[in-house]
Every structure is written in structure tokens, then in C-alpha cells.
Amino acid sequence: MKAAVIVFPGSNCDRDTKIALKKFNIKPIMVWHNDTFLPKVDLVVLPGGFSYGDYLRCGSMASKSKIMSEVIKHAKKNKLVLGICNGFQILVESGLLPGVLIRNNNLKFICKNIYVKVVNNKTPFTSKTKKNEVIKIPIAHNEGNYFIDEKNLKKLKTDNQIILQYCNQKGLVNKESNPNGSLINIAGITNSTFNVFGLMPHPERASDALLGGDDGKFIFNSLLNYARN
Amino acid sequence: MKLRVYVTLKKDVLDPQGSAIKNSLNNIGFKSVNDVRQGKIFELNLNENDENKSLKETEEMCKKLLANLTIENFKVEIAE
């Protein structure tokens, strides 16, 4: 399996993502945001960071960069796109995913391990997990508060597009386990065809037991499983 | 031609910065403040002298970049 990691000015998780992909036998190719050519890959990863210094709105400027029109074409062909943290913000700004990520409700940058529950395990990104499995994974963001209007939230629910929800260690989704004010504890969603996935937690930072946990492997193993079939 | 763009949060969208500012105003003695909503102003200078064309083009800019219509409204006006 081959993956393109898009590097924007201000990306800072691009190399961590590269290391994690390699570890799970996914070949990474780094692609600069100003390029107009996207190599033939199975997966595009938009990494975490602060693209364009978070100017205007997080992810807004990056979503208009040259390579993004190629990423949108790639997604429209039903190929895989994964957006982590700032990558998730770029995906909502580009229109590949619905909704928006606004400022955390406590106005603080939150950097800590949290728990998420896998709500839908029937996607290319979660197939190697069990439904309702609880995963320990770090978040590190200032704008992770997911918002969408009521009508579209309903659609997300009925179409099973909500993939991850913040929860406590036991898997209970409640107000106390919501770190940032995100609507119904949403931590990750897909598009309606399940090939574009955005999440605020950082799986690449939880891909080595030596570095405090490897629960993030669920995504990489699922992707490999998808590529094999 | 000079234009001014106002980008404001839609009514139902939570504004944590606005509420922090409101609390701060209350704390320094402005007890009458019930609510604060924070927005943005852009001042643009266009290489175009036709008012209608300028307004139309700036509206396009708002839809494509300056505002996120999921959470924000915008208003464009000619600035003298």
C-alpha cells in the first residue's frame, strides 16, 4: 500500500506520520502543498500541525492550496483520504467532510491522552476494531469543537458517518468525557461513502508502545486490511 | 475601489471567545453587558471601479474563502 503525505507550510506531524506509516508497511511519499501532481497512491494523508499559521480559520488557507484540487479529485474517485487534527480541519474547509471545527469551549489548547469509542467499525479505517471498542489516544488542539447544523447532524447519524466519539475509560459517552465541547462528543467522522475520514486524535502519536501506547495502530491495521482485500 | 467585509458568527453557533470577553467586560465594571459576539472585518482594495462588479466579486470571495458559511454570515459594503 502506498500513501502520499501532504506537507503544508506549518505542518508538524508529517514526519511522525511518515514513520508510523512505514512501521505498518504503508509506503509514504511526501508531497509539497504547492505541487500540482499527486503520485498514484491508495491513500492521501493530511497531517496535523498549524498549516499557514492557522490564519483566517484553521485549515482554510491549506484547503485552497494547489495540491488540494488533486486530493479532491482523488477522493471523488472513491479513493482513501485521512485527515488528522489540522488535516481534519482542512477536510471540512475543503468541503470533503461536512461541518466545521471551532475553538475549544474552554478556550484552551488541550494536549493529553483521552479515550474514544469506535461507533462504526465497518469502514476502511476501522475494520480491524470491534464496535464500541475503547481506544486510548492523544489529542493536541485548540480548535477541535465539532459543529454542524441540526439537519446535517441527523444525516451524519442515520448514515453512520460518526466514527469516533469521546468517552471515558469504560466507553461511556457523556459531558464529562467531552474535552472540547464537540457536538455529541464527535471525535471523527467520514463522508457518506466512507472513503474520507477526519479525526482530531493523533493515531501516529500512539503507534509505538515505547512512546506511551499503541492504540493508534487500529487505523493503520485497518487500512492494510482494506488494501489486502 | 475599497470594500469592507463583515464576517459574523451565525446565531446558533457558540462563541466561547465572545463569552470570555463578556465576562471580562463585566469584571471591569461594565455590568450592563449581557452578550458579546466576536466577528471579523476585512478591508479590501480592488483594482476595479464598477461598484456592482466589485460587490459581486467580493461576495464570491466571501463564499470561497473569507467566510465559512456553515457557521458564519457575511456582509459586503463599499467603503469610501
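Above this text is the structure in question.
Residues numbered from 1 in each chain as written. Chains lettered and ligands numbered in written order. Predicted model: local features only at pLDDT ≥ 70, side-chain atom pairs only at ≥ 80, totals over all residues.

(A) Summary view of the overall build of chain A. Looking only at helices and strands, one finds 5 helices and 11 strands in chain A. Computed over C-alpha atoms, the radius of gyration of chain A comes to 16 Å, within 12% of the 17 Å expected from 2.2 N^0.38 for 229 residues, which places it in the range of a compact globule. Seen through its C-alpha atoms, chain A measures out along the principal axes to roughly 45 × 40 × 35 Å. When contacts within chain A are restricted to residue pairs at least 6 apart in sequence, those whose partners lie at least 24 apart make up 75%. (Helix = DSSP H or I, 4+ residues; strand = E, 2+ residues; numbered from the N terminus. Rg over C-alpha atoms; globule rule 2.2 N^0.38 Å. Contact = placed C-beta atoms within 7 Å.)

(B) Looking closely at the nonpolar core. Formed by 69 residues in total, the largest nonpolar core has its most connected members in Ile6, Val44 and Val116 of chain A. Not counting residues up to four positions away in its chain, the partners in contact with Val44 of chain A are Ala4, Ile6, Val71, His74 and Val81 of chain A. If you look at the next biggest cluster of nonpolar residues, it comprises 7 residues, including Leu3, Ala67, Phe74 and Val76 of chain B. (Core = buried A, V, L, I, M, F, W, Y, C linked by C-beta atoms within 7 Å. Buried ≥ 20, exposed ≤ 12 C-beta atoms within 10 Å, placed from the backbone.)

(C) The arrangement of the pairing of strand 3 (residues 43–46) of chain A in detail. Residue and element names in this part refer to chain A. Residues Leu43 and Val45 line one face of strand 3 and the alternating positions Val44 and Leu46 line the opposite face, and both faces are buried. As judged from the 3 bridges shared by strand 1 (residues 2–7) and strand 3, these two strands associate in the parallel manner. In the strand pairing of strand 3, Val5 is matched with Val45. One ladder, built from 4 bridges, connects strand 3 with strand 4 (residues 80–84); its direction is parallel. If you follow Leu46 over to strand 4, its bridge partner there is Gly83. The parallel pair strand 3 and strand 4, bridged by helix 2 (residues 66–76), forms a crossover whose chirality is right-handed. (Pairing = 2+ DSSP bridges. Right-handed = clockwise from strand over helix to strand, strands pointing away.)

(D) Examining helix 1 (residues 14–23) of chain A more closely. All names here are of chain A. Of all the positions in helix 1, only Asp14, Thr17, Lys18, Ala20 and Leu21 are classed as buried. Down the axis of helix 1, the buried set is contained in an arc of 170°. They therefore lie on one face. Opposite its buried face, helix 1 presents the exposed residues Ile19 and Lys22, each directed more than 90 degrees away. In the stretch just after helix 1, Asn25 is the one whose phi turns positive, near 60°. (Arc of directions from axis to C-beta.)

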